[in-house]
Amino acid sequence: MTNITVLGAGAWGTAFGQVLADAGNTVTMWAIEPEIVTDIHEHHRNSYRLPSVEQLPATMDATGDRAQAVAHAEIIVVAIAAQFARVALAEFKDLIPSTALVVSLMKGIERTTGKRMDQVVCESLNLPEERFVAISGPNLSKQVADRQPAATVVGCADIDNARTVAKACETKYFKPFVTTDVIGLEMCGSLKNVVALAVGMARGAGYGENTAAMIETRGLAELTALGKAAGADPKTFAGLAGVGDLVATCGSPLSRNYTFGANLGKGLSVEEATKASNGVAEGVPTTDAVVALGRQLGVPTPLASAMSDVLDKGISCADMLGELFGGDITEE
Ligand SMILES: NC(=O)C1=CN([C@@H]2O[C@H](COP(=O)(O)OP(=O)(O)OC[C@H]3O[C@@H](n4cnc5c(N)ncnc54)[C@H](O)[C@@H]3O)[C@@H](O)[C@H]2O)C=CC1
Ligand SMILES: O=C(CO)COP(=O)(O)O
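Residues numbered from 1 in each chain as written. Chains lettered and ligands numbered in written order. Predicted model: local features only at pLDDT ≥ 70, side-chain atom pairs only at ≥ 80, totals over all residues. Heavy atoms only, no water.

Remarks on the site of ligand 2
Taken together, Lys107, Gly137, Pro138, Asn139, Leu140, Lys192, Asp245, Thr249, Leu254, Ser255, Arg256 and Asn257 are the residues near ligand 2. Gly137 places a polar main-chain atom, nitrogen or oxygen, 3.0 Å from an oxygen atom of ligand 2. Between ligand 2 and Lys192 there is a distance of 2.7 Å, counted from an oxygen atom to a side-chain nitrogen or oxygen. Protein contact buries 91% of the 310 Å² of open area that ligand 2 shows by itself. Using a 2 Å cut-off from the grid points, one finds that ligand 2 occupies the largest pocket. Where the shell around ligand 2 is concerned, the elements lending two or more residues are helix H11 (240-250) and helix H12 (256-265). When grouped by side-chain class, the residues that make up the shell around ligand 2 number three nonpolar, five polar and four charged. (Near = heavy atom within 4 Å. Polar contact = N/O pair within 3.5 Å; in protein donor to acceptor, adjacent residues only side chain to side chain. Areas by Shrake-Rupley, 256 points an atom, 1.4 Å probe, with all protein chains shown as cover. 1 Å grid on protein atoms, 1.4 Å probe; cavity = no way out; pocket = protein on both sides within 12 Å on 5 of 7 lines; lining within 4 Å. Sits in = over half its atoms within 2 Å of the grid points. Helix = DSSP H or I, 4+ residues; strand = E, 2+ residues; numbered from the N terminus. Nonpolar A, V, L, I, M, F, W, Y, C, P; charged D, E, K, R; others polar.)

Take a look at the structure:
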C-alpha cells in the first residue's frame, strides 16, 4: 500500500484517485475549493466535479492543507488545469518529500511559454526528470469512474519509476503500459485536444464522418510531425496516447474539447462556449501554443492555425475547413 496524494480534485483527478484507491493505495486529495474538500472528506463524494459517482472509496480522503496533503506522499499526482499548474505548484515547492515521484495527468501546453507540462512541473518543483512521470491515454473520466475497462500509458525517463507508478494504478479495469517517451505522451495528450476542438466544430456544424475522419487523420499527421520535431518517438503516436486518445476524444460528447468545438459549430461564441463548458477545455489555450511551437520548430501546423483563427478571429467552420483544404496538392 502506497501513500498517494492527488493535487486537484477535478473530474479526472477524482476519477484517477478512485483508480488509485481501487488499486489498494491510501489516497489524499488536495483541492483549492473548500467545498470539494468538505464533500470528499465528509460525504465521500465529489458532487461538484464527478457527480456520477455516488460513493468514493473509504481509503480516499481530502484536505485543503498543502503541507498536510503531501507530508507523507510517496507519489504525488498533479491534475490541475494546465495553465494554472505553474502557479499552483509553486506553493508546493518546499513541501514535497525529496524522494516522491511526481505524476502529471495534465494535457496541455503552457500558453505564455510554449512549454510542455513535464517542463512546467520540473521547473516549478525543481524536480529531476527521473522523478517526473506522465500519464496519458484514452481515459474519459466518467467512463473510468464507472470502472469501464480502459488502458493508459505511464512514461518516465527512468523506466523503473514508470513501472512503480504503473503498478500503483493497475486495477482489474485499468491497464497501464509503460514507456520512456515522456515528450511523446505530452505532445499526444496536448495536441489531440486541438484536433478534438476542430472535429467537434465540424460535427456541431452538421458535417458527417468523412469530414471528422479527414480532420482526425490530418490532425494525427500534424501532431506526429510536431512531436517528432520536439524529440518524441514516432511509435508513441500510433499507440494508446496518440491514435487511441484521438479516437476517444474526437468521438465522444463526454470530451470537454469536443463539446466546446461542437458548441462553436452550432454558432456559440468562444465566450458562450466557455460558459457552457463542464470543466477545462485544454485545447483552447493550447491551440496558440501549438502554432507558436510549430513556428519555433519549423513545422507547419495548418489545423492548429485554422483553429487559432476560429478562437481568436471568430472565423466560421466552413472557413476553418477551407483553410485546411487550402494550399497546393501535396503527397499525403
Ligand atoms: N477529464 C478527463 O477525462 C481527463 C482529463 N485530463 C487532463 O487532466 C487535467 C485536469 O482535468 P479535469 O480534472 O478533468 O479538469 P476539471 O476542469 O474538472 O478540473 C480542473 C482542476 O484544476 C484545478 N485548478 C484550476 N486552477 C487552479 C489553481 N490556480 N490552483 C489549484 N488548482 C486549480 C481546479 O480546482 C480543478 O480541480 C487536464 O489537463 C485534462 O486535460 C486527462 C485525461 C482525462
Ligand atoms: O483527455 C481526455 C480523454 O482521454 C478528456 O478529454 P477532455 O479534456 O476533452 O474532456
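There is more to say after this.
A closer look at the confidence of the model for the chain
On average, the chain scores 97 in pLDDT, and the residues at 70 or more come to 100%. Of all secondary-structure elements in the chain, the lowest mean pLDDT belongs to helix H16 (residues 317-325), at 93, while strand S6 (residues 132-136) reaches the highest, 99. Here the complex is predicted with pTM 0.98, and the ipTM for its interfaces comes to 0.99. (pLDDT = per-residue confidence, 0-100.)

Here's the deal with the side chain of Thr63
Positionally, Thr63 belongs in strand S3 (residues 60-63). We classify Thr63 as buried; its relative accessible area is 9%. There is a polar contact of 3.0 Å between the side chain of Thr63 and the backbone nitrogen of Asp65. Residues within four places of Thr63 in sequence aside, it is in contact with Thr28, Met29, Trp30, Ala31, Val37, Gln68 and Ala69. (Buried < 20%, exposed > 50% of the residue type's maximum accessible area, 1.4 Å probe, protein only. Contact = heavy atoms within 4.5 Å.)

A closer look at the site of ligand 1
Neighbouring ligand 1 are 25 residues; Ala11, Glu33, Ser141, Val280 and Glu282 lie closest to it. Backbone polar atom of Ala9 to an oxygen atom of ligand 1: 3.4 Å apart, as the coordinates give it. With respect to ligand 1, the backbone of Val280 contributes an N or O atom lying 2.9 Å from an oxygen atom. Across the complex, the protein chains shield 88% of the 820 Å² of accessible surface that ligand 1 would expose by itself. For ligand 1, the cavity whose grid points lie within 2 Å of the majority of its atoms is the largest pocket. If you tally residues by element for the shell around ligand 1, the top one is helix H1 (residues 11-22), at three residues. Of the residues belonging to the shell around ligand 1, the class tally is 14 nonpolar, six polar and five charged.

Focus on the pairing of strand S8 (residues 174-179)
Taken together, the six bridges between strand S7 (residues 150-156) and S8 define a ladder with parallel strand orientation. Bridging from a neighbouring strand, Ala151 pairs with Lys175 of S8. In this view, the connection linking S7 to its parallel neighbour S8 by way of helix H7 (residues 159-168) has right-handed handedness. (Pairing = 2+ DSSP bridges. Right-handed = clockwise from strand over helix to strand, strands pointing away.)

Structural notes on the layout of surface pockets
Sizing a probe to match a water molecule and rolling it over the atoms shows the empty space that remains. What the largest pocket holds in volume is close to 1,100 Å³. Together, 48 residues line the largest pocket, and Gly10, Ala11, Trp12, Arg256 and Val280 are the ones closest to its centre. Elements supplying a minimum of two residues to the lining of the largest pocket: H1, helix H4 (85-90), S6, helix H6 (141-145), helix H8 (182-204), H11 and H12. Taken together, the residues of the lining of the largest pocket sort by class into 24 nonpolar, 15 polar and nine charged. Around the second largest pocket, the lining is made up of 19 residues, and of these Arg218, Pro302, Leu324, Gly326 and Thr330 lie nearest the centre. For the lining of the second largest pocket, the secondary structure elements donating two or more residues are helix H9 (209-230) and H16. If you tally residues by element for the lining of the second largest pocket, the top one is H9, at six residues. (Points joined across faces, edges and corners; volume = space filled by probe spheres on them.)

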